[in-house]
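Here are the chains, one letter per residue:
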Amino acid sequence: MASGLSRFVELGRKIVCVGRNYSEHAAELGNKVPTEPVIFLKPTTSYLKEGNAITFPHGSDNLHHEVELGVVIGKPGFQIRESTAMEHIGGYTLALDMTARDIQDKMKKKGLPWTLAKGFDSSCPIGSFIPPDKIPDPHDIEIWLKVNDAMKQQGNTKNMIFKVPFLISFISQFMTLETGDLILTGTPSGVGPVSPGDVITCGLTGLATMTFTVNK
Ligand SMILES: CC(=O)CC(=O)C(=O)O
Ligand SMILES: [Mg+2]
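Residues numbered from 1 in each chain as written. Chains lettered and ligands numbered in written order. Predicted model: local features only at pLDDT ≥ 70, side-chain atom pairs only at ≥ 80, totals over all residues. Heavy atoms only, no water.

Applied cut-off: UniProt positions are given in the numbering used here, feature names are shortened, and annotations may be inferred rather than shown by experiment.
As recorded in an unreviewed UniProt entry, the protein chain goes by the name oxaloacetate tautomerase, listed as coming from Saccoglossus kowalevskii. What the UniProt record of the protein chain gives under Catalytic activity (unreviewed entry) is the line "oxaloacetate = enol-oxaloacetate". According to the UniProt record, the Sequence similarities (unreviewed entry) comment for the protein chain is "Belongs to the FAH family."

Here you go:
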């Protein structure tokens, strides 16, 4: 039986994303700090493993990097209480929420969903599986991203507005969380564009790094 990362990728479960979960990132894009989590989904076809290239989606000239802590669900649940939410975590991963910012801006202006801006093939590069015992507290991790060796994002998960147990509880009020589901917990500030040929390297300090190239 497959284990760890291969297990959650092979299961191909849903990707639930949290937006605007760091106040300095909400501000840099001119968004208000949310009073409840902003949630959206990526399809399972957006997963990308290391060794494969991130590809610009159709119609976009402004593709942004967003580095995020990913939480892998290890035990299914519906309407999970915040007090027991940590029991549902099977592990963690490093992830990118690649975003076609031009498409997203157009959709935001029209009040339409962000699906095409966030859910294109290769929009969810992920790193290796991190067992839960390696992260006793998901709210004390340095998270960073470089483009071609230039540091672009440097944050700490302690600055999340909505913490992981709250997010698990909130999301599961609406949809069942299944084993292998991945929750992307939002990005710190410093998001910005990438170009074809760029190399993105990112990490959770002391825990994980990963590298992806960008293709047109
Ligand atoms: C503005 C966004 O794209 C929201 C998002 O994904 C985030 O991580 O914040
Ligand atoms: Mg994001």
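## Comments concerning the coordination of the magnesium ion (ligand 2)
This is how it is decided: The donor definition counts N, O and S atoms within 2.8 Å of each metal and applies 3.2 Å to Na, K and Ca; water is not among these atoms, so some sites may look incomplete. We count a stretch as a helix when DSSP gives it H or I for four or more residues in a row; a strand needs E for two or more, and each element gets its number in order from the N terminus. For the exposure calls, accessible area comes from a 1.4 Å probe over protein chains only, and a residue counts as buried if that area is under 20% of its type's maximum, exposed if over 50%, partly exposed in between.
Donor atoms from the polypeptide that bind the magnesium ion (ligand 2) are Glu66 (OE), Glu68 (OE) and Asp97 (OD), placed at 2.0 to 2.1 Å. Spacing between the donor residues of the magnesium ion (ligand 2) along the chain follows E-x1-E-x28-D. With Glu66 in the loop between β5 (63-65) and β6 (67-73) and Asp97 in the loop between β7 (89-96) and β8 (99-100), this residue pair connects regions lying 31 residues apart in the sequence. We note that Glu66, like Asp97, is buried.

## A short note on empty space enclosed by the protein
Put simply, the rule reads: We place a 1 Å grid over just the protein atoms. Points where a 1.4 Å probe fits but has no way out form a cavity, open points with protein on both sides within 12 Å along at least 5 of 7 lines form a pocket, and any residue with an atom within 4 Å of a point lines it. Grid points are joined across faces, edges and corners, and a volume is the space filled by probe spheres set on the points.
Evaluation of the coordinates by the stated rule reveals one cavity of 30 Å³ or more. In this structure, the largest cavity spans a volume of roughly 120 Å³. Surrounding the largest cavity, 18 residues form its lining, Gly19, Arg20, His25, Glu66 and Lys118 being those nearest its centre. Listed by contribution, the elements that provide at least two residues to the lining of the largest cavity are β1 (15-19), α2 (23-28) and α3 (101-110).

## Things to note about the side chain of Asn31
Here is the rule: Pairs of N or O atoms within 3.5 Å make up the polar contacts considered here, provided that, within protein, one atom can donate a hydrogen while the other can accept it, and that residues adjacent in sequence are counted only when both atoms are side-chain atoms. Contact between two residues is taken to exist if any of their heavy atoms lie within 4.5 Å; hydrogens are not considered.
The residue Asn31 is located in the loop between α2 and β2 (38-42) in this model. There is a polar contact of 3.3 Å between the side chain of Asn31 and the side chain of Arg20. Setting aside anything within four residues of it in sequence, one finds Asn31 in contact with Arg20, Ala26 and Lys108.

## A word on the site of ligand 1
What counts is decided by this rule: Proximity is defined per residue: if any heavy atom of the residue lies within 4 Å of a molecule or strand, that residue is considered near it. Computed by Shrake-Rupley with a 1.4 Å probe, the accessible areas treat only the displayed protein chains as cover when residues are assessed. Only Asp, Glu, Lys and Arg are considered charged in this grouping, and only Ala, Val, Leu, Ile, Met, Phe, Trp, Tyr, Cys and Pro are considered nonpolar; every other residue, Gly among them, is considered polar.
In the vicinity of ligand 1 there are 14 residues, among which Arg20, Glu66, Glu68, Asp97 and Lys118 approach most closely. Here an oxygen atom of ligand 1 sits 2.9 Å away from a polar atom, N or O, in the side chain of Asp97. Contact distances for ligand 1 include 3.1 Å between an oxygen atom and a side-chain N or O atom of Gln104. Contact with the protein chains hides 100% of the accessible area of ligand 1, taken as 280 Å² for the molecule alone. For the shell around ligand 1, the class distribution of residues is three nonpolar, five polar and six charged.

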